[in-house]
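# Notes for the structure review
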Amino acid sequence: MLAVGLATLVPGLRSLTGRRTGGTVSSCYCYSVWLRHLCMLHEHGLPTDFETVAELGPGDSLGAGLAALLCGAERYIALDAVRYADRATNLRVFDELVELFRNRAPIPDQREFPRVQPPLRSYAFPSDLLTPARLEAALSPDRVGRIRAALAALGTDRRDGPICYHAPWTADMIDDASVDLVFSQGVLQFVEDIPAAYAAMARWLRPDGVMSHEVTFQSIGITTEWNGHWACSEPLWKLAVGNRRHATNRVPHSAYVSLLQDMGWRILTEVRVERSSGIDRSQLACPYRHLSDRDLSTSSSLLQSMRQTASPPQFARAAVAKAT
Ligand SMILES: C[S@@+](CC[C@H](N)C(=O)[O-])C[C@H]1O[C@@H](n2cnc3c(N)ncnc32)[C@H](O)[C@@H]1O
């Protein structure tokens, strides 16, 4: 269990674990991720039309946020801990995304991306949401050309263009009440200070702004069992993590829910994916003995929320899916 963590403590070997972040090097992955967030918002009566969209942790490309721009958003702000995305990858992914949207391609499903969550009821192109009129305006050659030019000229510190990329980021890089949606895919589990991150996002969002975060609770290769991180004592965990750039904060699903509620956010979408626990309760390390069976078997969840004071949508749903 400790081999990979220890290897990262050897000078020069950390890059073995830090070169790639996930899937955003693939345009189909980015298309699938963005459309899953969008379809889930639509399904729960939440807004789907945004002027400014911010994303935490885009990874190897800005593709998911570029997909948001291609659906009509005016501005996209990418915030990462590390600057992984480069110009060539961004431009390639952008061009491929334009084709996917122009072709109204179906959403790549669990067969193509078995690890991408949340699952959807339907993977057909969401024409009821992305209507011909909306897409025609969003994909006009002029508009696509302007976004592409901005992407090609992307600098680190421009605040006024249609695309901003800050890595690393600080909360004051975004004006208060200037964002309509903050989303992330497979990122919050790496954030050490979740209350501070939620507070920053709350500051950036307009009063009727929305958060949409897909979080995974798996140790992702650090322990043999998917949830073995909850069985590690603090010293053992430090050794297992080694010098990895990113390791799970070990915060369980219910803590994200409580935190959002305590901060005055109403959760309108809660889609948990369940998986049989890889460890017995007797193996839990001291700080995690209190974990509920529900947390112990929640391998990922999507939480979409608005402020308590924002006007409520017509319907909301909590769902549980089984991991495939
Ligand atoms: C597993 S990758 C996911 C990348 C991408 N969202 C995807 O779906 O493939 C995790 C990403 O979270 C980023 N990350 C880690 N801590 C972060 C933080 N505090 N703020 C923003 N991004 C962070 C990493 O740099 C990395 O890009």
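These figures come from a predicted structure and were not determined experimentally.

Reading the values: rules and limits
- Residues numbered from 1 in each chain as written.
- Predicted model: local features only at pLDDT ≥ 70, side-chain atom pairs only at ≥ 80, totals over all residues.
- Heavy atoms only, no water.
- Helix = DSSP H or I, 4+ residues; strand = E, 2+ residues; numbered from the N terminus.
- Buried < 20%, exposed > 50% of the residue type's maximum accessible area, 1.4 Å probe, protein only.
- Contact = heavy atoms within 4.5 Å.
- Areas by Shrake-Rupley, 256 points an atom, 1.4 Å probe, with all protein chains shown as cover.
- Core = buried A, V, L, I, M, F, W, Y, C linked by side-chain atoms within 4.5 Å.
- UniProt positions renumbered as here; feature names shortened; annotations may be inferred.
- Near = heavy atom within 4 Å.
- Polar contact = N/O pair within 3.5 Å; in protein donor to acceptor, adjacent residues only side chain to side chain.
- Nonpolar A, V, L, I, M, F, W, Y, C, P; charged D, E, K, R; others polar.
- Axes fitted to C-alpha atoms, helices over the stretch in contact; angles between N-to-C directions.
- Parallel < 35°, antiparallel > 145°, perpendicular 65-115°, else oblique.
- Left-handed = near helix turned anticlockwise from the far one by under 90°.

## Quick look at the overall build of the chain
Assigned secondary structure in the chain consists of eleven helices and eight strands. When burial is assessed residue by residue, the chain has 54% of its 324 residues classed as buried. For the chain, restricting intrachain contacts to residue pairs at least 6 apart in sequence, the fraction spanning at least 24 positions comes to 79%. Carbon and sulfur atoms make up 53% of the accessible area of the chain, which totals about 14,300 Å².

## Focus on the nonpolar core
In terms of nonpolar packing, the biggest core is built from 60 residues, with Trp34, Leu62, Leu97, Phe101, Leu130 and Ile163 touching the most fellow members. Ranked by the residues each element gives to this core, the list is headed by helix α3 (residues 27–43), at ten residues. If we ignore the near neighbours within four places in the chain, the residues touching tryptophan 34 are Phe50, Ala64, Ala67, Ala68, Cys71, Phe101, Leu181 and Phe183. Formed by 35 residues, the second largest nonpolar core is a distinct cluster that contains Ala54, Val179, Tyr198 and Leu205.

## A look at the UniProt feature "domain: Methyltransferase type" (unreviewed entry) in the chain
Mapped onto this numbering, the UniProt entry gives "domain: Methyltransferase type" (unreviewed entry) at residues 174–211. Taken end to end, residues 174–211 is 29% helix and 37% strand, and its first and last C-alpha atoms sit 15 Å apart.

## Observations regarding the site of the ligand
In the vicinity of the ligand, 20 residues are found, and the nearest of them are Tyr29, Gly57, Asp80, Trp169 and Gln185. Residue glycine 23 places a main-chain N or O atom 3.1 Å away from an oxygen atom belonging to the ligand. A distance of 3.4 Å is found between an oxygen atom of the ligand and a backbone nitrogen or oxygen belonging to glycine 59. With the chains in place, 90% of the 590 Å² that the ligand exposes on its own is no longer accessible. Of the residues in the shell around the ligand, the class split is ten nonpolar, nine polar and one charged.

## Side note on the packing of α3 against helix α5 (residues 87–102)
One can describe the packing of α3 onto α5 by two numbers: an axis separation of 9 Å at closest approach and a directional angle of 60 degrees. Overall, the two elements α3 and α5 adopt an arrangement that is oblique. Remark: the crossing between α3 and α5 carries right-handed chirality. Across from Ser27, Cys28, Cys30, Tyr31, Trp34 and Leu35 in α3, the residues of α5 making contact are Val93, Glu96, Leu97, Leu100 and Phe101. Split by residue class, the contact of α3 with α5 holds nine nonpolar, one polar and one charged.

## Notes on the side chain of threonine 48
Checked against the element boundaries, threonine 48 lands in the loop between α3 and β1 (52–56). On the basis of relative accessible area, threonine 48 is assigned to the buried category, the value being 13%. Threonine 48 has contacts with Leu38, Leu41, His42, Leu129 and Arg134, leaving out every residue within four places of it along the chain.

## Comments concerning the environment of glutamate 51
Following the sequence through the fold, glutamate 51 ends up in the loop between α3 and β1. Residue class for glutamate 51 comes out partly exposed when judged on its relative accessible area of 45%. As a C-alpha pair, glutamate 51 and valine 179 span 128 residues in sequence and 7.6 Å in three-dimensional space. Excluding its chain neighbours within four sequence positions, the residues that come into contact with glutamate 51 are Ala73, Glu74, Arg75, Asp180 and Arg206.

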